[in-house]
Amino acid sequence: MTNPALPKVCIYGAGSIGAYVGGRLQAAGVEVSFIGRERIARQVAEHGLHLTDWQGADIHLPVDTIRFTTEDASATEADVIIVAVKSAATDEVGKALRGRINSDVAVVSLQNGIGNARTLAKHLPDNPVLTGMISFNVLQRGNGHFHAGTEGELMCDPHPRLEALLDYFQAGDLPLELRPDMHAVQWAKLLMNLNNPLNALSGIPLHDELSQRDYRRSLALLIDESLSVLKRSEIRPAKLMPVPMSLLPWVLRTPDWLFARLAKQMLAIDPLARSSMWEDLEAGRVTEIDWINGEVVRQAQKVGASAAANLRVIELVKAAEKGGKRDWSGAELLSELKRALAAP
Ligand SMILES: NC(=O)C1=CN([C@@H]2O[C@H](COP(=O)(O)OP(=O)(O)OC[C@H]3O[C@@H](n4cnc5c(N)ncnc54)[C@H](OP(=O)(O)O)[C@@H]3O)[C@@H](O)[C@H]2O)C=CC1
Ligand SMILES: CC(C)(CO)C(=O)C(=O)O
């Protein structure tokens, strides 16, 4: 039984993150509706939602309890809309919502990258458009099953409607922190997401990839380059991990045996978990590379800095989107990035 005084939530883009977050909120007692595509709609209509996590949570939401539609209009009933489409679809969502929702509806972008909330706000100038961040991994296992494969949390700009939901996020094992420095949080998350393309190009699960030094050295190169761009831009990423961001490249470069000791938390990943960019390549979809490494390159251009390694990764992912190589070894990736850095 849901509490009628509680803000109603609509998940716009019920894929890995949307279905998991919305499902956990519904299981905690929030009234949730889902807007998604036919593929997930069919799974949910047949199996309901099955939500599991790396700590053993196992929740079933029966078919008849789930309000899932492929029509945009259902968003009009919600008090909070959580947008969880991939970045390439954000503009389309903004257009679909324009003129359809009351101005007091809080719209939360729970997406990677830096610019998605801005894209939504362009279409929704009268609404509070909030920047959110989710740090854990969710993978689709088919038949309405969504699995959270790492620990992590949610963060968002403060808003009274989210304050009213805080206990429910907590009850759903989705600890939500409302904080005023979301721009810094987004950049810190983006630095972690620099591993998304490496994981996607490696073709192997995150745990196996991060256990190999050459992939980590490649990531360290991308982070170093991005940190120097941020420094020149006077952007200070938030501290989201026990290790300060400036030390992370050093930790990543340590030999496997030492890394396994120093970075236990980074390797505490479900053995099957992979980055969301791997899922995009696997499904033949356009990836978020332009919204992740692309942000670094754009920022570098603004301040006259170089982002050669990030540019090279973008090229490799774009080639993979067109059917190119997707089984790069760590050594191969590292030598591609070093070559890009050494080029005049
Ligand atoms: N997956 C993860 O572990 C994490 C993801 N993120 C971020 O969260 C965001 C969402 O990622 P994720 O959940 O993986 O993405 P998914 O692709 O799994 O989910 C998005 C869903 O939205 C659907 N969709 C796209 N456009 C529309 C539309 N106009 N109307 C309704 N539904 C639509 C998609 O359908 P279709 O596929 O048919 O286009 C898809 O089912 C991304 O920014 C990602 O980077 C952040 C942290 C972790
Ligand atoms: C959770 C994480 C960092 C890596 O899986 C991610 O954001 C993603 O896959 O997009």
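Model, not experiment: these values are computed from the prediction.

1. Structural notes on the domain arrangement of the chain
Note on interface size: it is often stated as the accessible area lost on association of the parts.
No. 1: For the chain, the assigned domains read domain 1 (9-180) and domain 2 (185-342).
No. 2: With centres defined by C-alpha atoms, the gap from domain 1 to domain 2 works out at 26 Å.
No. 3: The interface of domain 1 with domain 2 comprises 24 residues on the first partner and 27 residues on the second.
No. 4: Between domain 1 and domain 2 the total buried area reaches about 2,200 Å² when both faces are included, carbon and sulfur atoms providing 53% of it.
No. 5: Among the residues of domain 1 in contact with domain 2, Lys86, Asn112 and Ile114 are the three that bury the most area, contributing 29% of the side total.
No. 6: Here domain 1 and domain 2 share two salt bridges between them.
No. 7: Among the ionic pairs, arginine 141 bridges to aspartate 270, the shortest N-O distance being 3.6 Å.

2. Observations regarding the site of ligand 1
No. 1: Around ligand 1, a shell composed of 25 residues is seen, among which Ile17, Arg37, Asn112, Val138 and Glu288 lie nearest.
No. 2: Here a nitrogen atom of ligand 1 and a side-chain polar atom of glutamate 92 are 3.1 Å apart.
No. 3: In this structure, an oxygen atom belonging to ligand 1 sits 2.8 Å away from a main-chain N or O atom of valine 138.
No. 4: Burial of ligand 1 by the protein amounts to 91% of the accessible area it has alone, namely 890 Å².
No. 5: Breaking the shell around ligand 1 down by element, the ones donating at least two residues are α1 (16-27) and β9 (138-142).
No. 6: Considering only residue class, the shell around ligand 1 consists of 10 nonpolar, nine polar and six charged.
No. 7: Counting only domains with at least three residues in the shell around ligand 1, you end up with domain 1 (9-180) and domain 2 (185-342).

3. Here's the deal with the sheet that holds strand β1 (residues 9-12)
No. 1: Taken in spatial order, the eight strands line up as β5-β2-β1-β6-β7-β8-β11-β12 in an open sheet, and their pairing is mixed. Edge positions in the open sheet fall to β5 (67-69) and β12 (176-178), since each of these has one partner strand only. Strand after strand, the sheet turns through a mean of 20 degrees between neighbouring axes, direction not considered.
No. 2: In the sheet, strand β6 (residues 80-83) pairs with strand β7 (residues 106-109) via four bridges, with the strands oriented parallel. Bridged to isoleucine 81 within β7 is valine 107.
No. 3: Packed onto the sheet, helix α4 (residues 116-123) meets β6, β7 and β8 (129-134) and runs at close to 155 degrees relative to β8.
No. 4: With respect to the sheet, helix α7 (residues 182-193) is in contact with β8 and β11 (154-156), its orientation differing from that of β8 by roughly 35 degrees.

4. Quick word on the site of ligand 2
No. 1: All residues adjacent to ligand 2 are Asn112, Ser135, Phe136, Asn137, Lys189, Asn193, Asn196, Leu206, Ser275 and Ser276.
No. 2: Between ligand 2 and the protein, one listed contact pairs an oxygen atom with a side-chain N or O atom of asparagine 112 at 3.0 Å.
No. 3: Take asparagine 196: an N or O atom from its side chain is 2.9 Å from an oxygen atom of ligand 2.
No. 4: Taking 280 Å² as the accessible area of ligand 2 by itself, protein coverage stands at 87%.

5. Overview of empty space enclosed by the protein
No. 1: Using the criterion set out here, one finds three cavities of 30 Å³ or more in the structure.
No. 2: Taken as a whole, the largest cavity holds about 60 Å³ of empty space.
No. 3: Taken together, Ile82, Val108, Leu110, Gly132, Met133, Leu154, Met155, Cys156, Leu162, Phe169 and Leu176 make up the lining of the largest cavity.
No. 4: The element contributing the most residues to the lining of the largest cavity is β11, with three residues.
No. 5: When its residues are assigned to classes, the lining of the largest cavity shows 10 nonpolar, one polar and no charged.

6. A look at the UniProt feature "domain: Ketopantoate reductase C-terminal" (unreviewed entry) in the chain
No. 1: Mapped onto the present numbering, the UniProt feature "domain: Ketopantoate reductase C-terminal" (unreviewed entry) falls on residues 182-321.
No. 2: End-to-end, the C-alpha atoms of residues 182-321 are 30 Å apart, and along that stretch the chain is 65% helix and 0% strand.

Parameters at a glance
- The residue numbers shown here count from 1 along each chain, following its written sequence.
- Whichever chain is written first is A, and whichever ligand is written first is 1; the rest continue in order.
- At least 70 in pLDDT is required for a residue's local features to be given in this predicted model, at least 80 for side-chain atom pairs to be given and counted, and no such filter applies to totals for whole chains, interfaces and linings, which use all residues.
- Only hydrogens and water are set aside; all other atoms, that is, all heavy atoms of the structure, feed into the side-chain values.
- For the domains described, the bounds stem from an automatic or database domain assignment.
- Contacts are assigned to residue pairs that have any heavy atoms within 4.5 Å of one another.
- We define buried area as the total accessible area lost by two parts upon association, computed with a 1.4 Å probe and summed across both.
- What counts as a salt bridge is simple: a side-chain nitrogen of Lys or Arg found within 4 Å of a carboxyl oxygen of Asp or Glu.
- Only a single heavy atom is needed: when it lies within 4 Å of a molecule or strand, its residue is near that molecule or strand.
- Residues adjacent in sequence count toward polar contacts only when both atoms are side-chain atoms; beyond that, a polar contact is any pair of N or O atoms within 3.5 Å, and within protein one must be able to donate a hydrogen and the other to accept it.
- Areas reported here follow the Shrake-Rupley algorithm with a probe of radius 1.4 Å; residue values treat only the protein chains shown as occluding.
- Labels follow the DSSP assignment, with helices taken as runs of H or I lasting at least four residues and strands as runs of E lasting at least two, numbered in each case from the N terminus.
- When residues are grouped by polarity, Ala, Val, Leu, Ile, Met, Phe, Trp, Tyr, Cys and Pro land in nonpolar, Asp, Glu, Lys and Arg in charged, and all others, Gly among them, in polar.
- In this scheme, strands are said to pair when DSSP sees at least two bridges between them.
- Axis definition: a line fitted to C-alpha atoms, limited for helices to the stretch in contact. Angles are taken between N-to-C directions and run from 0 to 180 degrees.
- Cavity: a set of points on a 1 Å grid over the protein atoms alone where a 1.4 Å probe fits but cannot get out. Pocket: an open set with protein on both sides within 12 Å along at least five of seven lines, its lining residues, like those of a cavity, having an atom within 4 Å of a point.
- Grid points are joined across faces, edges and corners, and a volume is the space filled by probe spheres set on the points.
- UniProt positions are given in the numbering used here, feature names are shortened, and annotations may be inferred rather than shown by experiment.

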